[in-house]
Amino acid sequence: MKIDISSPRVRTSTFVDILSRRAQQQPEQIAYTFLNFGKEADTSLTYRDLYRQARSIAIKLQSLGYQGKPALLLYPSGLEYIAAFFGCLYAGTIAVPVYPPHSDRLLPRIQAIINDTQAEVALTTTKTQADIARRFMHLPELQRLDWIASDELPMATNQSWRKPELTEESLAFLQYTSGSTSTAKGVVVSHGNLIHNSEAIRLQMGLSEKDQGVSWLPIFHDLGLIMGILQPLYSGYHTALMAPTAFLQHPLRWLQAMSDYKATVSYAPNFAYDLCIRRSSPADRAKLDLSHWQMALNGAEPVRSETLKNFTAAFEPSGFRPDTFMPAYGLAEATLMASGKKRRTPYIVTHIDKTLLEQHYAVNTAPDDQNAQTVVGCGTVVPGQQIIAVHPESLTRCQPNEVGEIWIAGGSITQGYLGKEAETNYTFQAYLADTGEGPFLRTGDLGFIQDGEVFITGRLKDLIIIKGRNHYPQDIEYVVEQSSPIIRAGCVTAFSVDVGYEERLVVVAEVRIPQNGLTPGEIAQSIEETTKAIRRNIAETHEITVYQIMLVKVGEVPKTSSGKLQRRACRMRFLAGSLKEWNK
């Protein structure tokens, strides 16, 4: 049985049409402002400026015959990237956002993407091109590219641009998933997918031209691109952008921008809200006005109820309200958003029996039950989509109190993985075994659905199974974080390894040793106490004996560009013996 999920609205246009219409009807309205924080003047783009720059880039691409072909976008954070992305859409060229390399560590990923896409052209800025040429042009993959510095292109005339013949099925861009070089896959996103998901997000969040956005998210990542750049253009509101490094260096820059622009909407992974709490004082918060903030989307990693409560408590004096939080769930394979809380409604927290959760049952219990596990709801399914929980082995639909793999169907589901037919068929062509209903997207995420609310409990592949019991790594990692002040929050991974034909638990945690004149003996004592506390707390909370604890230097725990933990990559580095311990 084929799934038929209708679009939230009849799709009659692409983003090419939307930008062209806004440039004609609102030419002087500022679409984006990029904040430089004193390094240089802030810059802005009106709809007309963006239209003209995109068309000029499109003319260059069309003149070189790159219609229908992939083009790498190697840009630092800034407005030039936005113009280049739309330039690709205007040319009918397939955009491939990639972060420009700044170290040898990033080169294998770029090489893999070039080989995967067989790209022949790269767009960038004059400065970035010079930097790449000076440091990395010895790579044959980079040498064979046709390089276009988009900031040097002349402003072209109307007559020389040829509007591409685009349909819903036409490929818009390739979103390379987070992961190691070997696991990164190019998600094929069509123009129809973009419009479908943009309209679903607009309806779910209640967005309009009256809104105001702020974003520091990486522009080459799906959340930063779609929520930070495409959604504002689709819904017609202005967004202030900043580089991720600007936020990470001084997290309050994000909230100060929210205050200055009276912003109503912004988005970030859970760790960012924690970071704002840790890196601010009551005096800092007193200077902020967050009363206009109506949607603080929290997604891309597990949403913790403690973070929501602590952030609200810290910033309520600044005008932040608890119903501003919008826990959401999404993934690149579904374009972006699959579920989310409605605007100005309370987020939902449920408490389920931890022991039964280990057996894949979601049974509600009292909040004060010692065996209670707190789970934050990720809202309801967005319009034009369907979400179900499925037994991953039997491929039959779960009951409301059962935990299964999350499957999604609808117009936002993308076309598959570039050049990976077997993986595409497995992931995007799933059918229920008993009813034949499908096709669905297999997300690899575990969760359950109660009264229409979507709850995510973990990743199927990350699940730790020890002595027949299922353990979610993020729960163990949270226990580890609370065990000592020298452990860096958000920088802990838990995974299992085979030891003597059984699975054993390994914990890797980054530590920051205080630089305040501690003697070597005091440091050694702190490390010993931390290790003992980790073992004790995990044993008490999860009834597991830890096989090995590795306390490592800052930056050793692998993460994606958007800050997600890479547990499998960390496990590989652990097994290879390449992790650097804190004292080596």
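Residues numbered from 1 in each chain as written. Predicted model: local features only at pLDDT ≥ 70, side-chain atom pairs only at ≥ 80, totals over all residues. Heavy atoms only, no water.

Q: Help me understand the overall build of the protein in this model?
A: Counting its secondary structure elements, the protein contains 18 helices and 25 strands. If one aligns the C-alpha atoms of the protein with their principal axes, the spans along those axes are about 70 × 65 × 50 Å. Each of the 584 residues in the protein was classed as buried or not, and the buried ones make up 57%. Within the protein, counting contacts between residues at least 6 apart in sequence, those at least 24 apart form 72% of the total. Summed over all atoms, the accessible surface of the protein reaches about 24,300 Å², with 50% contributed by carbon and sulfur. Charge-centre separation for the protein: the mean point of 58 positive side chains lies 4 Å from the mean point of 60 negative side chains. (Helix = DSSP H or I, 4+ residues; strand = E, 2+ residues; numbered from the N terminus. Buried < 20%, exposed > 50% of the residue type's maximum accessible area, 1.4 Å probe, protein only. Contact = heavy atoms within 4.5 Å. Areas by Shrake-Rupley, 256 points an atom, 1.4 Å probe, with all protein chains shown as cover. Lys, Arg positive; Asp, Glu negative; His and termini not counted. Charge placed at Lys NZ, Arg CZ, Asp CG, Glu CD.)

Q: Got a minute to help me understand the nonpolar core in this structure?
A: Generally speaking, nonpolar side chains in soluble globular proteins are found buried as a group. Membership of the largest hydrophobic core comes to 116 residues, with the highest contact counts inside it found for Phe 86, Trp 254 and Phe 315. Residue contributions to this core peak at 11 residues, all from helix α3 (residues 79–91). When sequence neighbours within four positions are dropped, the list of residues in contact with Trp 254 reads Val 214, Trp 216, Met 242, Phe 247, Ser 266, Tyr 267, Ala 268, Ala 272, Tyr 273, Cys 276 and Trp 293. Of all hydrophobic cores here, the second largest spans 22 residues; its members include Ile 466, Ile 513, Ile 538 and Ile 549. (Core = buried A, V, L, I, M, F, W, Y, C linked by side-chain atoms within 4.5 Å.)

Q: In this structure, what is going on with a negative patch on the surface? I would like to understand it.
A: Taken together, Glu 40, Asp 42, Glu 80, Asp 151 and Glu 152 make up a surface patch of like negative charges. Examined against the element boundaries, Glu 80 turns out to sit in helix α3. (Patch = residues over 30% accessible without salt bridge, like charges linked within 9 Å, V, L, I, M, F, W, Y side chains within 5 Å. Salt bridge = Lys/Arg side-chain N within 4 Å of Asp/Glu carboxyl O.)

Q: Teacher, can you tell me more about the pattern of salt bridges here?
A: Any two side chains of opposite charge can pair, so long as their charged atoms come close to each other. Applying the stated rule across the entire model yields 19 salt bridges. When the shortest N-O distance is used, the salt bridge between Glu 209 and Arg 22 registers 3.3 Å. On the criterion of sequence distance, the pair formed by Glu 209 in the loop between α7 (191–205) and β9 (212–215) and Arg 22 in helix α1 (residues 15–25) is long-range, its members being 187 residues apart. Overall, the relative accessible area of 11% leaves Arg 22 in the buried class. Here Glu 28 makes a salt bridge to Arg 48, at a shortest N to O gap of 1.8 Å. With a gap of 20 residues between them, Glu 28 in the loop between α1 and β1 (30–34) and Arg 48 in helix α2 (residues 47–63) connect regions that are remote in the sequence. Judged by its relative accessible area of 29%, Arg 48 is partly exposed. Linked by salt bridges that have partners in common, Lys 127, Asp 131 and Arg 134 make up one network.

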